[in-house]
Amino acid sequence: MISLLEVAATVAADEYTESVASSVAYGESETATGLPQLDLSTFGNQIFWLIISLLVLYWVVAKIALPRIGAVLSDRQGAITGDLMAAEEFKLKAKEAEAAYDKALADARAEAGKIVAANRAEIQKDLDAAIAHADAEIAARASESEGRIRQIRDSADSDARDVARDVAAELVRAFGGTTDQAAIDQAVDRRMKGVLQ
Amino acid sequence: MATEAQGEATDLSFHPMDQFIVRPLFSDGPVHWYTPTNVTLWLFLIVLATLGLLVLGTRGRAIVPTRGQSIAEMAYGLVHKMVSDIAGKDGLKYFPYVMTLFMFIVFANFLGLLPMAFTVTSHIAVTGVLALSVFLTVTAIGFIKNGAHFLDLFWVRSAPLAIRPVLAVIEVISYFVRPVSHSIRLAGNMIAGHAVIKVFAGFAAIAAVAPVAIVAVVGMYAFEILVAFIQAYVFTILTCVYLKDALHPSH
Amino acid sequence: MEGNIGDLGQYIGVGLTAIGMGGAAIGVGNVAGNFLAGALRNPSAAAGQTATLFIGMAFAEALGIFSFLVALLLMFAV
């Protein structure tokens, strides 16, 4: 490596004198005859400016850029964890609200059931009373009607017997018989027994 | 056809390495150590771009990030996870340092992919300084944190005693090769990608193969975008690995 | 076809050195392929090993980059 560098250095030195000699024609048309990388005459220049720019860059990166980016990143991490915690809290709250809603719903349902049962019992009571009342009335009316029917039937019976006796007596009289009232009644009753039953 | 291409090819001139020349910005002439050059310009742009993303992008300090802020946060998260996963919790003290390296290399690689741009990470001087600074820092941390215990890194206790000296020599060599491979990997990848793109672009001067050359340039460019990120990632991850070795030297 | 025999040797050397990059390509492909095979067997463990994958690829690739660098040095610096 050292010998190579020496060779390069001699080449570069030759070139250097050449380029100084032809410095009037310096410009775009210049071409590299050797490796420009091994031109030792430019090393000092490159190293000098490189060290300056590296120092500036290091100062900027270490003092300004990295603390700032680090702060932004940790802020974001904090914001994300904060948001996650808030979200967790909200989720808990939502769960609580849901439980409360469910409970209210169940309560309302139970209340409604209770009211329905109470109403039903009341209605049943009223209904029972009304039915009993109606039954009693119906029974009273029925017995009354039965009484009347019986009365009517009885009266109709006796009327028919009177008519039959009268007719029988008249008939006997018309045929010229003696009218034995007792015998006629007996006969009519005997006949009527079969008819009026 | 072949003879025609042959004839034109003699006119072709590839200068794939011209893009790496260090030029003074304002005057023609020699490059002194203080001369503002194109390296200076692009270093300045890298610092500006990093500032724009990490400081201007996050000025809102929004809980719900804007586009720029979420990119900045993604970069922060990527490097932070890398450091804490590989170097452990006590490695987080060096997180700003690793982050600085990552942002610098990412922006150097990506800005270098712009047409006409200068890629500072394609220079061994630049990547060498980056790798050496990692190497020196890590070695210093190792000795300060662990004292002579740090040398356990080279004394593999899990191996049989007989081959431990051999392993120690290998470990020491590999330890000192670290900054070399660390710097040359990054610079080599950048040089290779840009030179290949330049060579393909040079072929576009031949009308017959120009379409193929353009497709190849597009393909290489896409690949270089991937490489630009992966090399920054790899540089950072290796820094974390070295840091882990310094903090916990026992195998 | 006139030229310097030294240039001839230089270009042949550059070409030979570039073969080394093919070795690195095989190595990187090997790393990625084995990672994929393992990841398909046990996808849950794959996510934690991407860092190891990249470290392995970086080490494999570094050696190819060394050979590329030697090619560049031969081509331009010698």
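Note that this is a predicted model, so its numbers are computed, not measured.

Helices and strands together make up the secondary structure of chain B, namely seven helices and zero strands. Listed N to C, the secondary structure of chain B is α-α-α-α-α-α-α in terms of helices and strands. Projected onto its principal axes, the C-alpha coordinates of chain B cover approximately 70 × 55 × 40 Å. Within chain B, contacts between residues separated by at least 24 positions form 69% of all contacts whose residues are at least 6 apart in sequence. Summed over its atoms, the accessible surface of chain B is roughly 11600 Å², and 73% of this surface lies on carbon and sulfur atoms. In chain B, 14 positive and 12 negative side-chain charges are present, and the distance between their average locations comes to 16 Å.

This brings us to the overall build of chain A. Secondary structure assignment for chain A yields three helices and zero strands. Listed by position from the N terminus, the elements making up chain A come as α-α-α. By the burial criterion, 17% of the 197 residues in chain A qualify as buried. Of all intrachain contacts in chain A linking residues separated by at least 6 positions in sequence, the fraction that spans at least 24 positions is 52%.

Before going further, it helps to examine helix 4 (residues 95-112) of chain B. For an α-helix, the turn length of 3.6 residues means that residues three or four places apart are oriented alike. Between the first and last C-alpha of helix 4 of chain B there are 25 Å, a value that for 18 residues agrees with the 26 Å anticipated at 1.5 Å per step. Within helix 4 of chain B, 16 of the 18 residues are buried, which leaves it mostly tucked inside the rest of the structure.

This part is about the confidence of the model for chain A. Averaged over every residue, the pLDDT of chain A is 82; residues scoring 70 or more account for 81%. Scored below 50 in pLDDT, residues 15-29 of chain A shows 11 contacts in the model against residues more than four places distant or in partner chains.

Residue and element names in this part refer to chain C. On the surface, a cluster of nonpolar side chains totalling about 540 Å² of accessible area is made up of I5, L8, I12, L16 and I19. Assignment of secondary structure puts I5 in helix 1 (residues 5-41). For I5, a relative accessible area of 67% puts it in the exposed group.

With that settled, consider the side chain of Q46 of chain A. With respect to the element layout, Q46 of chain A can be found in helix 2 (residues 43-174). Look at Q46 of chain A and you get buried, because its relative accessible area is 1%. Side-chain polar atoms of Q46 of chain A contact the side chain of H123 of chain B, separated by 3.2 Å. Leave out the neighbours within four places in its chain, and Q46 of chain A touches V22, V39, H123, A125 and V126 of chain B.

Moving on: the packing of aromatic side chains. Residue and element names in this part refer to chain B. One pass over the full model with this rule turns up 13 aromatic pairs over all chains. Ring geometry for F102 and F229: centres 6.3 Å apart, planes at 90°, overall edge-to-face. Of this pair, F102 sits in helix 4 while F229 sits in helix 7 (residues 210-247); the two residues are 127 residues apart in sequence, bridging distant segments of the chain. Take F102: its relative accessible area is 3%, and that puts it in the buried class. Cluster of aromatic residues (ring-pair linked, three or more members): F135, F143, F150, F154, Y175 and F176.

The next subject is the interface of chain B and chain A. In this assembly, 50 residues from chain B lie in contact with 41 residues from chain A. Taking both sides of the interface into account, the surface hidden between chain B and chain A amounts to around 4200 Å²; carbon and sulfur atoms contribute 73%. Remark: the boundary between chain B and chain A carries one salt bridge. For R76 of chain A, the salt bridge identified is with E73 of chain B, shortest N-O distance 2.8 Å. On the surface where chain B and chain A come into contact, there are 12 residue pairs in polar contact (both at pLDDT 80 or more). Only helix 2 (38-56), helix 3 (67-87), helix 4 and helix 5 (124-146) of chain B provide two or more residues apiece to the side of chain B that touches chain A. Here the side of chain B that touches chain A takes eight residues from helix 2 of chain B, the largest share from any one element. The residue makeup of the side of chain B that touches chain A, split by class, is 32 nonpolar, 12 polar and six charged.

A few words now on the packing of helix 5 of chain B against helix 7 of chain B. Two quantities define a packed helix pair, namely the angle between the axes and the distance from one axis to the other. All names here are of chain B. Interaxial distance between helix 5 and helix 7 falls to 8 Å at its minimum, and their mutual angle equals 20°. In terms of orientation, helix 5 lies roughly parallel with respect to helix 7. In this structure, helix 5 crosses over helix 7, and the sense of that crossing is right-handed. For the pair helix 5 and helix 7, contact is made by L130, A131, V134, V138, I141, G142, K145 and N146 and by F235, T239, Y242, L243, A246 and L247, respectively.

Conventions we followed
- Residues numbered from 1 in each chain as written.
- Chains lettered and ligands numbered in written order.
- Predicted model: local features only at pLDDT ≥ 70, side-chain atom pairs only at ≥ 80, totals over all residues.
- Heavy atoms only, no water.
- Helix = DSSP H or I, 4+ residues; strand = E, 2+ residues; numbered from the N terminus.
- Contact = heavy atoms within 4.5 Å.
- Areas by Shrake-Rupley, 256 points an atom, 1.4 Å probe, with all protein chains shown as cover.
- Lys, Arg positive; Asp, Glu negative; His and termini not counted.
- Charge placed at Lys NZ, Arg CZ, Asp CG, Glu CD.
- Buried < 20%, exposed > 50% of the residue type's maximum accessible area, 1.4 Å probe, protein only.
- Expected span 1.5 Å × (residues − 1).
- pLDDT = per-residue confidence, 0-100.
- Patch = residues over 30% accessible without salt bridge, like charges linked within 9 Å, V, L, I, M, F, W, Y side chains within 5 Å.
- Salt bridge = Lys/Arg side-chain N within 4 Å of Asp/Glu carboxyl O.
- Polar contact = N/O pair within 3.5 Å; in protein donor to acceptor, adjacent residues only side chain to side chain.
- Phe/Tyr/Trp six-rings, centres within 6.5 Å; stacked < 30°, edge-to-face > 60°.
- Buried area = accessible area lost by both parts, 1.4 Å probe.
- Nonpolar A, V, L, I, M, F, W, Y, C, P; charged D, E, K, R; others polar.
- Axes fitted to C-alpha atoms, helices over the stretch in contact; angles between N-to-C directions.
- Parallel < 35°, antiparallel > 145°, perpendicular 65-115°, else oblique.
- Left-handed = near helix turned anticlockwise from the far one by under 90°.

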